[in-house]
Amino acid sequence: METAPRPGRNVPPKKDKLPAKRKKPRRYWEEETAPTSAGASPGPPRKKKRNGEIRLQKSKNTRISKKSRISKKPQVPKKPRERKKPEPQRSLSGAQDPFPGPAPVPVEVARKFCRIDKSKKLPRSKSKTRSKLEVAEAEEEETSVKAARSELLLAEEPGFLEGEDGEDTAKIRQADIVEAVDIASAAKHFDLNLRQFGPYRLNYSRTGRHLALGGRRGHVAALDWVTKKLMCEINVMEAVQDIRFLHSEALLAVAQNRWLHIYDNQGIELHCIRRCDRVTRLEFLPYHFLLATASETGFLTYLDVSVGKIVAALNARAGRLSVMAQNPYNAVIHLGHSNGTVSLWSPAVKEPLAKILCHRGGVRAIAVDSTGTYMATSGLDHQLKIFDLRGTFQPLSARTLPQGAGHLAFSQRGLLAAGMGDVINIWAGQGKASPPSLEQAYLTHRLSGHVHGLQFCPFEDVLGVGHSGGITSMLVPGAAEPNFDALESNPYRSRKQRQEWEVKALLEKVPAELICLDPRALAEVDVISLEQEKKERIERLGYDPEAKVPFQPKPKQKGRSSTASLVKRKRKVMDKEHRDKVRQSIEQQQQQQRKQKQEKAKPKGSRPSALDRFVR
């Protein structure tokens, strides 16, 4: 019999037939591809595969060519999806909004809340830094627009007092104002007859809801002056020089004859600070939690009430300190001295930040407005002056008073009150950001005793006056801001809200070292100090760590990083740097030669001509 030849060396294998695929055994839960017989028991339905998940079952001996992986169907480019235009919003009745989109904001109103000066161009910096600055600027612009829109929701408007047919408003009495206003506003005008323990100093809380008063003969009291509810009333059996609320109405600082005492709103003494002795004036910095005290010994002391430590004790070297005020804008303390100067102090500096010669005699009173722009001073020379604090420290206006003002106070909207003996004069300006006009008084009122303390109540058109006969609450239309920020100072907050606000304020406390004349300088780079630190660092290390590192070529793969190629690349970079230096030196020489030619071309002693501008 003839047998089929076996495939050997001389006989090529047949290419027509491929090895047969082995059939995968079927499980009982899988469906057959072919129709099943009637007797077969079909299993559970087979799971359908997703689109695009068809897998080819490869045998070990088969190979798939690369052409089979490429789809033979022509690829049609996908059309970009067209964004549907948003349909105009319709109301419930089906009517279409005639003014779609957000309401436009006036440019002047938005500029009022803008904090970025767009006239200055962004500095040349890296693209990443520049993009961050652009994002911050866009966010600030969006915030200013939102603030301008929210201003439309403010319900209250500032009050004003206007005379009829050129009538002088200074002749309008308090009784006439009380008759003209509503019952709630009329109840804010009252007199407390306390001649037995006077004269009195007074202080309003930051919310404007509570009033603290201290008499020279030891009478200390705190009350809710709106509802006339008494919180506490004690007699310390010692002379009281000044009184101040701390960060909330729950704590009270009293400058007594010998030492500084801290009381709560129930009249219980909590602390006696003996390092602050013979204190004459008190000022509290709310954002720094600092209590500033001026003493008869000439020391200005800063006490951190959050931790109970003295931050700084500065010697003013000017004798007894009895005139003190704070700048609400930058928390700088202003001290008035007997030689007619006003010094500006910060706890971070042992010397005064600035000294201003204001009067020929001693300074009697100082007041700074809420924006930190203007300062009013009065002296023994009977002069009342207003100074500009925006770097120039020059007097803007002055007025000679018959008796001289012993006490001064600014309101939230820029009104200036001055106490002269038993008379109160109030001057008003064009607006909040403008200085008060000293030509004509806005209001005048005569008291039953000599003035010893003045303060405008926050968020209320009320001026509190402490005098030798007690306390007087005057109505001053247009003195305060009509709307308050409930997150900052809420007059109607509960006990729980006050506790939460205290925790937040403590977390956001500003360090005392950041008090300076210009708070905006904190965001700028101190170039001089930066260069000095760089020099000291070079001297300490012995080399400049920021100097340019010599070029080191990176090794390449596949034998291309031979010694000759590395040296060649180094020399190429060095030649390029050398060419740049030579090009710069040549350009400088050419500029110098041009200048010399121009100087030689002009004859000496000749007059300048109008045609010289066209000479190149």
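Fair warning: this is a prediction, and the values are worked out from it, not measured in the lab.

As a further point, take the overall build of the protein chain. Along its length, the protein chain carries 8 helices and 28 strands. Considering the protein chain as a whole, with its 616 residues, one finds that 33% of them fall into the buried category. The long-range fraction of contacts in the protein chain, counting pairs at least 24 apart against all pairs at least 6 apart in sequence, stands at 44%. Carbon and sulfur atoms make up 52% of the accessible area of the protein chain, which totals about 44500 Å².

Turning to the packing of aromatic side chains, a few remarks are in order. Within this structure, the stated rule accounts for 4 aromatic pairs. Each ring, one from F190 and one from W225, has its centre 6.5 Å from the other, and the planes form 35°; the classification is tilted. Taken together, the positions of F190 in strand β1 (residues 190-193) and W225 in the loop between β4 (219-224) and β5 (229-235) put the pair 35 residues apart, joining distant regions of the chain. Look at F190 and you get buried, because its relative accessible area is 13%. Residues F459 and F484 carry aromatic rings whose centres are separated by 6.2 Å and whose planes lie at 70° to one another, so their mutual orientation is edge-to-face. Taken together, the residues F459 in the loop between β26 (451-456) and β27 (462-467) and F484 in the loop between β28 (470-475) and α6 (495-507) connect sequence positions 25 residues apart. The class for F459 is buried, based on a relative accessible area of 17%.

Another aspect to go through is the environment of G419. Mapped onto the fold, G419 is located in strand β23 (residues 416-420). Remark: the alpha-carbon pair of G419 and H450, spanning 31 residues in sequence, is separated by 8.4 Å. With near-sequence residues (within four places) excluded, G419 lies in contact with G404, A405, G406, H407, I424, V451 and L454.

Okay, the pairing of strand β25 (residues 443-446) next. Burial of the side chains of β25 is restricted to one face: L443 and H445 are buried, whereas none of T444 and R446 on the reverse face is. By the bridge criterion, 4 bridges tie strand β24 (residues 423-427) to β25 in an arrangement that is antiparallel. Considered in β25, the bridge of I424 is made with H445.

Turning to helix α7 (residues 527-541), a few remarks are in order. With 15 residues, α7 extends 21 Å from end C-alpha to end C-alpha; this agrees with the ideal 21 Å at 1.5 Å per step. A positive phi of about 90° marks G542, the residue just after α7.

Before going further, it helps to spend a moment on a negative patch on the surface. Together, D526, E533, E536 and E539 line one region of the surface with negative charge. Given a relative accessible area of 46%, D526 falls into the partly exposed group.

Take the sheet that holds strand β20 (residues 383-388) next. If you trace the 4 strands from one edge of the open sheet to the other, you get β18-β19-β20-β21, paired in antiparallel fashion. Taken across any chain shown, the strands that pair with only one partner, and hence form the sheet edges, are β18 (363-368) and β21 (395-400). For this sheet the average axis-to-axis angle between neighbouring strands, irrespective of direction, equals 15°. One ladder, built from 5 bridges, connects β18 with strand β19 (residues 374-379); its direction is antiparallel. Residue I366 lies in a different strand from β19, and its bridge partner there is T377.

What follows concerns the confidence of the model for the protein chain. On average, the protein chain scores 83 in pLDDT, and the residues at 70 or more come to 80%. Per-residue pLDDT, averaged within each element of the protein chain, yields its smallest value for helix α1 (residues 66-69) (42) and its largest for strand β15 (residues 333-336) (97). Note on residues 34-43: pLDDT is under 50 here. Beyond four places in sequence and across chains, it has 2 contacts. pLDDT under 50 marks residues 47-72. Its contacts with residues more than four places away, or in other chains, come to 4 contacts.

Once that is clear, we can look at the pattern of salt bridges. Per the counting criterion, the structure on display carries 19 salt bridges. The shortest N-O distance in the salt bridge between R173 and D176 comes to 3.6 Å. Classification of D176 as partly exposed rests on a relative accessible area of 32%. Of the charged contacts in the structure, one is a salt bridge between E488 and R206, with a shortest N-O distance of 2.8 Å. Of the two residues, E488 sits in the loop between β28 and α6 while R206 sits in the loop between β2 (200-204) and β3 (210-215), which places them 282 residues apart along the sequence. By relative accessible area, which is 28% here, E488 ends up partly exposed. If you follow the salt bridges from partner to partner, you end up with R201, D242, R244 and E283 in one network.

For the rest of this paragraph, the subject is the sheet that holds strand β17 (residues 354-357). Taken in spatial order, the 4 strands line up as β14-β15-β16-β17 in an open sheet, and their pairing is antiparallel. At either end of the open sheet lies a strand with only one pairing partner, and these are β14 (323-326) and β17. If you compare each strand with its neighbour and ignore which way they point, the axes differ by 20° on average. The sheet contact formed by β14 and β15 spans 4 bridges and is antiparallel. Following the sheet pairing, M324 is matched in β15 by L335.

What counts, and where the lines are drawn
- Residues numbered from 1 in each chain as written.
- Predicted model: local features only at pLDDT ≥ 70, side-chain atom pairs only at ≥ 80, totals over all residues.
- Heavy atoms only, no water.
- Helix = DSSP H or I, 4+ residues; strand = E, 2+ residues; numbered from the N terminus.
- Buried < 20%, exposed > 50% of the residue type's maximum accessible area, 1.4 Å probe, protein only.
- Contact = heavy atoms within 4.5 Å.
- Areas by Shrake-Rupley, 256 points an atom, 1.4 Å probe, with all protein chains shown as cover.
- Phe/Tyr/Trp six-rings, centres within 6.5 Å; stacked < 30°, edge-to-face > 60°.
- Pairing = 2+ DSSP bridges.
- Expected span 1.5 Å × (residues − 1).
- Patch = residues over 30% accessible without salt bridge, like charges linked within 9 Å, V, L, I, M, F, W, Y side chains within 5 Å.
- Salt bridge = Lys/Arg side-chain N within 4 Å of Asp/Glu carboxyl O.
- Lys, Arg positive; Asp, Glu negative; His and termini not counted.
- Charge placed at Lys NZ, Arg CZ, Asp CG, Glu CD.
- Axes fitted to C-alpha atoms, helices over the stretch in contact; angles between N-to-C directions.
- pLDDT = per-residue confidence, 0-100.

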